[in-house]
Amino acid sequence: MSVTFAQGFTAAGVVAGISSTAGKKDLALVVNDGPLKAAAGVFTTNRFCAAPVQWSRAAVKDGRLDAVVLNSGGANACTGLEGYEQSAKTARKAGELLGCDAEDVAVCSTGLIGELLPLGNVLAGVEAAFAALDDTVQAGEDASHAIMTTDTKPKTVTRLGSNGFRLGGMVKGSGMIAPQLATMLCVITTDAVVTPEQLRVALAAGVDTSFNRIDVDGCMSTNDTVLLLASGASGITPDMDEFNAIVADCCAALARQIIGDGEGASHDIRITVEGATDEDAALACGRAVAASNLLKCAISGNDPNWGRIVSSLGTVPVDVAPYDPDQVTVDVNGVRVCDGGKPGRDRAEVDMTPREVDIVIGLNVGGATATVWTDDLTHEYVHINADYES
C-alpha cells in the first residue's frame, strides 16, 4: 500500500514520457492533505548534489512540505542553473495545481547524470498525476513503480503503531549504493501527530542504522533523498520512543529490500562485527569489509574466502578500531573459517547455496557491535552498468 497507508495522503504514478523505456510509469506525486504538513529530510553528502536535492533541501528546511514530485528517467544532476530552474518549475507547477507555495513542494529525480530533463513531459506528467491522485492501494503502488530505474520490483513498507497511528513508505534503489545513503529516493508518510523536530530526530536516527549501513557497489549518488512527512490525520499523538523505533524499522525494512534487489546480485551479505571497543570502531570495520570488490566476487563464485575478509579488515587504522589480529575470528554461515587470525575449519564446510550469506567478525576487545549489508558482484552487474540508460 506504500505511502497511501497513512491517513491524509494521496498519491499517483503516471507515464510522462521521461524514461527511455516506452510505457513505463516515470513520475510520481505524493500529497499531504493535512491537517499537519510537518516534514523532515536527509540528503546525499555528495558535493555534486543534483538540482532537485538543492531545491528540496531548502524546501524542507522550515519543517513543512505539502507535496513531493518524483521522477525516474533522469537525475537532473550536473545540469547547472538550467537544471535548477527545471526543479523550480516542477515545484511551481505542482504548487499551482495544489494551491500551495512552490517552496512547500519537494522535487526528487533519479536516472542518468549530466542531462536535462524533458521539461514539457515533466510538467504534463505533474498535471496527469494531479488528476489521478487517490488514497487507494493502487495509487500507492503506482507511485512506487514510477520511481523505479534498474529496480526489478517496487519496494514498500507499512507499519501500525500500538495505538493506531500508521506509517507507510516507498523507496527506489538497486545500484550506486554506498554508505551515507545510497542511490535512492525514499518517501515515508505517517498520520501521527508529531512536530517537524520530532520527525528530524526520528529520521536521522533511523537513517543512520539503515540506509547508511548498506553498500552494493561503493558508489555514492548525487541524488539521494529521504523524506518523512506527517499529516496528523489520525489525531493520535504517539509515544515517541515507539514512534522512533517504528521509523527506524521502516527504514531498515526498505534498506534491506534495496540489498535484496542489488543490481545483478545473487547473494545478500550481512557483515556483523562483534567485540569492538565502540560502535564506531565496529562500523568502520564492517564498512571496510563491505567495500571489498574481491570479497564480493568471491561470494559470487560461492567461495567463502576469509583471506579477503581479514585483508580488508586490516586496512582500518588502529586508532579507529584497536584490536589484535591474532585474536580475530571469522565465521561464514556459522562455520569458523578463521580462528585467532589463522585458519580455522575447512572453508569447504561452508554452505554457500543460500541467497543470504552471514559473516560474523569477532574482534574480541570490547562489547560493541555493528552490522552492514552488501551484495556480491556478478557478470550481470557489469552488463547492467555497461548498458545503462535512464
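The structure presented is a predicted model; accordingly, all values stated were derived computationally and were not measured.

J.: What am I meant to see in the overall build of the protein here?
T.: Assigned secondary structure in the protein consists of 10 helices and 16 strands. A compact globule built from 390 residues should have a C-alpha radius of gyration of about 21 Å, and the protein, at 21 Å, falls within 12% of that. Overall, the C-alpha framework of the protein stretches about 65 × 50 × 35 Å when taken along its three principal axes. Per-residue burial over the protein gives 56% buried out of 390 residues. Put simply, of all contacts in the protein between residues at least 6 apart along the chain, 80% involve residues at least 24 apart. Per element, the accessible surface of the protein, about 14,600 Å² overall, is 51% carbon and sulfur. Looking at charge distribution, the protein has the averaged site of its 27 positive side-chain charges lying 1 Å from that of its 50 negative ones.

J.: Help me understand the nonpolar core, please; the structure alone is not making it clear to me.
T.: Soluble globular proteins: nonpolar side chains tend toward being buried together. With 50 residues, the main nonpolar core has L27 and L70 as its most contacted residues. Per-element tally for this core: the top contributor is strand β2 (residues 27–32), with 5 residues. One finds I299, I309, L313 and V316 within the second-largest nonpolar core, a separate group that totals 34 residues.

J.: Just checking my understanding: could you explain the pattern of salt bridges for this structure?
T.: Any two side chains of opposite charge can pair, given that their charged atoms come close. The full count for this structure, using the stated rule, is 18 salt bridges. With a shortest N-O distance of 3.0 Å, D268 and R355 are connected by a salt bridge. Pair noted here: D268 is in strand β11 (residues 268–276) and R355 is in the loop between β14 (342–343) and β15 (356–362), with a separation of 87 residues, a long-range link. Judged by relative accessible area, R355 falls into the partly exposed class, the value being 35%. If you follow the salt bridges from partner to partner, you end up with R256, D268, R270, R355, E356 and D358 in one network.

J.: Help me out: how do you make sense of the packing of aromatic side chains in this one?
T.: The way to describe two aromatic rings as a pair is by their centre distance and the angle between their planes. Summed over all chains, the structure comprises 2 aromatic pairs. Aromatic pair F165 and F243: ring centres 6.0 Å apart, planes at 50°, arrangement tilted. Of this pair, F165 sits in the loop between β6 (155–160) and β7 (166–172) while F243 sits in helix α6 (residues 240–260), and the two are 78 residues apart along the sequence. Against the face of F5 rests R166, its NZ or CZ located 4.4 Å from the ring centre. The ring centre of W373 lies 4.1 Å from the NZ or CZ of R256, which sits over that ring.

J.: Honestly, the domain arrangement of the protein in this entry has me stumped. Any pointers?
T.: Size of an interface, as often reported, equals the accessible area lost when the parts are brought together. Splitting the protein by domain gives domain 1 (9–260) and domain 2 (268–387). The centre of domain 1, based on its C-alpha atoms, is set 32 Å off from the matching centre of domain 2.

J.: Is there a simple way to explain the sheet that holds strand β5 (residues 105–109) in this structure?
T.: Strand pairing within a sheet occurs via backbone hydrogen bonds; the two strands may be parallel or antiparallel. Strand order across the open sheet formed by 4 strands is β1-β2-β4-β5, with mixed pairing between neighbours. The sheet terminates laterally at β1 (9–14) and β5, the two strands that pair on one side only. On average, each strand axis in the sheet is tilted by 10° relative to the strand beside it, whichever way the strands run. The strands touched by helix α4 (residues 137–146) are β1 and β2; relative to β1, the strand with the most contacts, the crossing angle is about 50°.

J.: Any chance you could explain helix α5 (residues 196–208) here in plain terms?
T.: Quick reminder: α-helices carry 3.6 residues per turn. Residues three or four places apart thus point the same way. For α5, spanning 13 residues, the distance from its first C-alpha to its last is 18 Å, which sits close to the expected 18 Å at 1.5 Å a residue. If you follow the buried residues of α5, they end up packed against β3 (38–43), β10 (225–230) and α6.

J.: Any chance you could explain the side chain of K24 here in plain terms?
T.: If you trace the backbone, K24 turns up in the loop between β1 and β2. Buried charge without a salt bridge: K24, with D26 as the nearest opposite-charge side chain at an N-O distance of 6.4 Å. A distance of 2.9 Å separates a polar side-chain atom of K24 from the backbone oxygen of M148. Those residues in contact with K24 that lie beyond four places of it in its chain are V15, S19, S72, H145, A146 and M148.

J.: Any chance you could explain the pairing of strand β4 (residues 67–71) here in plain terms?
T.: Note on strand geometry: in a regular strand, side chains alternate between the two faces of the sheet. Taking burial as the measure, the 5 residues of β4 include 5 buried ones, the bulk of the element. Residues of β4 alternate between two faces, with A67, V69 and N71 on one and V68 and L70 on the opposite face, all of them buried. Here 5 bridges tie β2 to β4, and the two strands are oriented antiparallel to one another. Considered in β4, the bridge of L29 is made with V69. Where β4 lies against β5, 5 bridges are found, and the strand directions are parallel. Across the sheet, the residue bridging to V69 is V107, located in β5. Assessed by its sense of winding, the connection that carries the chain from β4 through helix α2 (residues 80–98) to β5 is right-handed.

Cut-offs used in this document
Residues numbered from 1 in each chain as written. Predicted model: local features only at pLDDT ≥ 70, side-chain atom pairs only at ≥ 80, totals over all residues. Heavy atoms only, no water. Helix = DSSP H or I, 4+ residues; strand = E, 2+ residues; numbered from the N terminus. Rg over C-alpha atoms; globule rule 2.2 N^0.38 Å. Buried < 20%, exposed > 50% of the residue type's maximum accessible area, 1.4 Å probe, protein only. Contact = heavy atoms within 4.5 Å. Areas by Shrake-Rupley, 256 points an atom, 1.4 Å probe, with all protein chains shown as cover. Lys, Arg positive; Asp, Glu negative; His and termini not counted. Charge placed at Lys NZ, Arg CZ, Asp CG, Glu CD. Core = buried A, V, L, I, M, F, W, Y, C linked by side-chain atoms within 4.5 Å. Salt bridge = Lys/Arg side-chain N within 4 Å of Asp/Glu carboxyl O. Phe/Tyr/Trp six-rings, centres within 6.5 Å; stacked < 30°, edge-to-face > 60°. Lys NZ or Arg CZ within 6 Å of the ring centre and 35° of its normal. Domains from an automatic or database assignment. Pairing = 2+ DSSP bridges. Axes fitted to C-alpha atoms, helices over the stretch in contact; angles between N-to-C directions. Expected span 1.5 Å × (residues − 1). Polar contact = N/O pair within 3.5 Å; in protein donor to acceptor, adjacent residues only side chain to side chain. Right-handed = clockwise from strand over helix to strand, strands pointing away.

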